[in-house]
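For reference, the chains in residue letters:
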Amino acid sequence: MAGISDVLSKNGYQLLLANTNNDIAEELKYLNLFKDRQVDGILFIATILTARHKKLLKACQVPVVILGQHLDGYSCVYHDDYHAAEQITELLLEHGKVPGFIGVTTKDEAAGLNRKKGFEAAVRAKKLDCPPERKLYKLYLEGKALELLSLFCQEAAGKQGD
């Protein structure tokens, strides 16, 4: 946020920040608040773009830039999550032959669905399998990724000993 804030400040704008902690209801509340207020634009980072998000975005009277997701008809800045997941999985599979996946809900098209598809493409290309017991999905990973990875590794180790 520091980089965005610096650029806005240098150009005569002030930053209003609303942290929603990946809470969809909070995202909708703030989006509704900002769409009708005296702001020059909205930089919007959504957890999941629901029908309600899309309705509120359409009602916005100010420019909106969506960060981290792609939505047709809007300016968006996002990563190529599919190819990033595919390439990192390819690199990992150069040294390992037992793939596992920890991801967020596939309702999140970018961080969930596209990363899952990229991972699966790399696993298929190596003619390997990743059964459901080596896949773990959570709604959000923020702050819990290390804990989930540890749990995942413990479960995998326990199953190998069976």
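The shown structure was predicted, so the numbers you read here are calculated from the model rather than taken from an experiment. (Residues numbered from 1 in each chain as written. Predicted model: local features only at pLDDT ≥ 70, side-chain atom pairs only at ≥ 80, totals over all residues. Heavy atoms only, no water.)

A.B. asks: Kindly report on the overall build of the protein chain, identifying the contributing residues and their values.
C.D. replies: Helices and strands together make up the secondary structure of the protein chain, namely six helices and five strands. In the protein chain, which comprises 162 residues, the proportion classed as buried is 31%. Restricting to contacts in the protein chain with at least 6 residues of sequence separation, those with at least 24 account for 48%. If you sum the accessible surface of the protein chain, you get close to 11000 Å²; carbon and sulfur atoms cover 53% of it. (Helix = DSSP H or I, 4+ residues; strand = E, 2+ residues; numbered from the N terminus. Buried < 20%, exposed > 50% of the residue type's maximum accessible area, 1.4 Å probe, protein only. Contact = heavy atoms within 4.5 Å. Areas by Shrake-Rupley, 256 points an atom, 1.4 Å probe, with all protein chains shown as cover.)

A.B. asks: Account for the side chain of Q69, naming residues and giving values.
C.D. replies: Looking at the secondary structure, you find Q69 in the loop between β2 (64-67) and β3 (75-77). A distance of 3.0 Å separates the side chain of Q69 from the side chain of D108, its partner in a polar contact. Not counting the four nearest positions on each side in its chain, Q69 is found in contact with A46, T47, L49, C76, V77, Y78, D108, E109 and A110. (Polar contact = N/O pair within 3.5 Å; in protein donor to acceptor, adjacent residues only side chain to side chain.)

A.B. asks: Could you give me a rundown of the packing of aromatic side chains, with the residues and numbers involved?
C.D. replies: Geometry of an aromatic ring pair is reported as the spacing of the ring centres plus the angle between the planes. Using the criterion set out here, one finds two aromatic pairs in the structure. Relative to F34, the ring of Y30 has its centre 6.2 Å away and its plane inclined at 40 degrees; by these criteria the two rings are tilted. Of the two residues, Y30 and F34 are both situated in helix α2 (residues 24-35); the distance of four residues between them amounts to about one turn of the helix. Residue classification places Y30 among the partly exposed positions, given a relative accessible area of 25%. (Phe/Tyr/Trp six-rings, centres within 6.5 Å; stacked < 30°, edge-to-face > 60°.)

A.B. asks: Just give me the short version of the pattern of salt bridges, but keep the residues and values in it.
C.D. replies: If you walk through the whole model with that rule in mind, you get four salt bridges. The partner of K29 in a salt bridge is E26, with the nearest N and O atoms 3.3 Å apart. Residue K29 and its partner E26 are both found in helix α2; the two are separated by three residues, about one turn of the helix. Among the residues examined, E26 registers a relative accessible area of 26% and is labelled partly exposed. Measuring nitrogen to oxygen at the nearest pair gives 3.1 Å for the salt bridge that ties K116 to E120. Of this pair, K116 and E120 are both found in helix α5 (residues 109-125), four residues apart, which corresponds to roughly one turn of the helix. Residue K116 shares its accessibility class with E120, and that shared class is buried. Within the structure, one salt-bridge network assembled from shared partners comprises K116, E120 and K135. (Salt bridge = Lys/Arg side-chain N within 4 Å of Asp/Glu carboxyl O.)

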